[in-house]
Amino acid sequence: MRYEENEAVREILRRSRGIRKKREEKALRLLSLLSVVLVGALTALIASFTEDGSQAAGQTVMGSFLMPEHAGGYILVAVIAFTAGSILATLALRYRNRNRK
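Rules behind the numbers
Residues numbered from 1 in each chain as written. Predicted model: local features only at pLDDT ≥ 70, side-chain atom pairs only at ≥ 80, totals over all residues. Heavy atoms only, no water. Salt bridge = Lys/Arg side-chain N within 4 Å of Asp/Glu carboxyl O. Helix = DSSP H or I, 4+ residues; strand = E, 2+ residues; numbered from the N terminus. Buried < 20%, exposed > 50% of the residue type's maximum accessible area, 1.4 Å probe, protein only. Patch = residues over 30% accessible without salt bridge, like charges linked within 9 Å, V, L, I, M, F, W, Y side chains within 5 Å. Areas by Shrake-Rupley, 256 points an atom, 1.4 Å probe, with all protein chains shown as cover. Lys, Arg positive; Asp, Glu negative; His and termini not counted. Charge placed at Lys NZ, Arg CZ, Asp CG, Glu CD.

Now for the pattern of salt bridges. A side chain of one charge can pair with a side chain of the opposite charge when the charged atoms of the two come close. Enumeration over the complete set of coordinates arrives at two salt bridges. Of the charged contacts in the structure, one is a salt bridge between Glu11 and Arg14, with a shortest N-O distance of 2.6 Å. Here Glu11 pairs with Arg14, and both are found in helix α1 (residues 5–49), just three residues apart, close to one helical turn. Judged by its relative accessible area of 18%, Glu11 is buried. For Arg15, the salt bridge goes to Glu11, with nearest N and O atoms at 2.9 Å. Highlighted residues: Arg15 and Glu11, both in helix α1, separated by four residues, approximately one helical turn. Exposure remark for Arg15: the relative accessible area of 51% places this residue in the exposed category. What you see here is one network of salt bridges that share partners, running through Glu11, Arg14 and Arg15.

This is the structure in structure tokens:
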């Protein structure tokens, strides 16, 4: 017999912690990459809705009452960004809570 029972149990626990840590690091890298891609995509969307680098709100002080035509794209990007951020936060919290058990 190579190991005593206590040593075998310790070795099994050590290896399982290592496997779990590698899995968590992989998921963290994937979520980080997804966040970077999301920021890049949202930046590209915002840039595509700007006209010659002008501001989306325009020069008026009326805001939502007299919203310029091209501001609708910004609203769409904001809704998409909020939804994507909410989904990412929910996934991260579920992943963290699942791994605590």
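There's plenty left to go through after this.
Moving on: a positive patch on the surface. Judged by side-chain charge, Arg17, Arg20, Arg23 and Arg98 come together as a positively charged surface patch. With three residues, the top contributor of residues to the positive patch is α1. Following the sequence through the fold, Arg98 ends up in helix α2 (residues 72–100). Classification of Arg98 by relative accessible area gives exposed; the value is 54%.

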